[in-house]
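One-letter residues, chain by chain:
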Amino acid sequence: DTAVSQTPKYLVTQMGNDKSIKCEQNLGHDTMYWYKQDSKKFLKIMFSYNNKELIINETVPNRFSPKSPDKAHLNLHINSLELGDSAVYFCASSQGTSGILYEQYFGPGTRLTVT
Amino acid sequence: QQPVQSPQAVILREGEDAVINCSSSKALYSVHWYRQKHGEAPVFLMILLKGGEQKGHDKISASFNEKKQQSSLYLTASQLSYSGTYFCGTAESSARQLTFGSGTQLTVLP
């Protein structure tokens, strides 16, 4: 029944490691997003994909690489993790090609802690 | 540029009303409102579009002043379940993504 799911929910790792977060939506939406929410709760978009095509790539370090194998899945791979990467990462999805016209459905989030 | 939300925090008793404001320095096309409870994901409340179209939950009301680039979310007869952080997300017509404000923390006490 879960609309947007993410795994894992918690991720604790050391600096320098590589990790991945997976996201799946069963809403039939065309567009998926990755957001980062920092300790001050500031929610900032990182990437957006529409039908497997990258349409938004904010100023995110190259260490972050999204991949969309199909329109229901959007994964986030992070290389060489740094302390500043610690945050909650949310996946979201929406109808259409533009995230400004339709409501976004968020996944439960992945809390990443880099030590 | 990030929209500005006010107040940053508000505490009220059950049954009281609250207004949360969101303003931008840019000409807006769309304003979204989301509520996030502690440790949970943001949940959609409402979209307001330039021209007057609104989509959202029946029990939530909001306004969008296109001339002033401001939106307000009205919470009436608040319930304990209204507690959480409220975010507005804004976009100009040329944008393809939302820019979120820093949030307003609402606490409803019994």
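Right, let's walk through the structure included here. Remember, it's a predicted structure, so these values are computed and weren't measured experimentally. (Residues numbered from 1 in each chain as written. Chains lettered and ligands numbered in written order. Predicted model: local features only at pLDDT ≥ 70, side-chain atom pairs only at ≥ 80, totals over all residues. Heavy atoms only, no water.)

Description of the sheet that holds strand β3 (residues 18-23) of chain B
Residue and element names in this part refer to chain B.
So, point 1. An order of β1-β3-β8-β7 is seen for the four strands of this open sheet, with the pairing classed as antiparallel. Edge positions in the open sheet fall to β1 (4-6) and β7 (61-65), since each of these has one partner strand only. Recorded for the sheet is a direction-independent mean angle of 15° between the axes of neighbouring strands.
So, point 2. Pairing between β7 and strand β8 (residues 70-75): five bridges, direction antiparallel. (Pairing = 2+ DSSP bridges. Helix = DSSP H or I, 4+ residues; strand = E, 2+ residues; numbered from the N terminus. Axes fitted to C-alpha atoms, helices over the stretch in contact; angles between N-to-C directions.)

Remarks on the interface of chain A and chain B
So, point 1. The interface is formed by 22 residues belonging to chain A together with 24 residues belonging to chain B.
So, point 2. Interface of chain A and chain B: buried area, both sides summed, is about 1,900 Å²; carbon and sulfur atoms make up 58% of it.
So, point 3. Ranking the residues of chain A by area buried against chain B places K41(A), I100(A) and L101(A) at the top, with a combined share of 31%.
So, point 4. In this structure, the connection of chain A to chain B is made through seven residue pairs in polar contact (both at pLDDT 80 or more).
So, point 5. Contributing elements (two or more residues each) for the side of chain A that touches chain B: β4 (31-37), β5 (43-50) and β6 (53-57) of chain A.
So, point 6. Looking at the side of chain A that touches chain B, its residues break down into twelve nonpolar, six polar and four charged. (Contact = heavy atoms within 4.5 Å. Buried area = accessible area lost by both parts, 1.4 Å probe. Polar contact = N/O pair within 3.5 Å; in protein donor to acceptor, adjacent residues only side chain to side chain. Nonpolar A, V, L, I, M, F, W, Y, C, P; charged D, E, K, R; others polar.)

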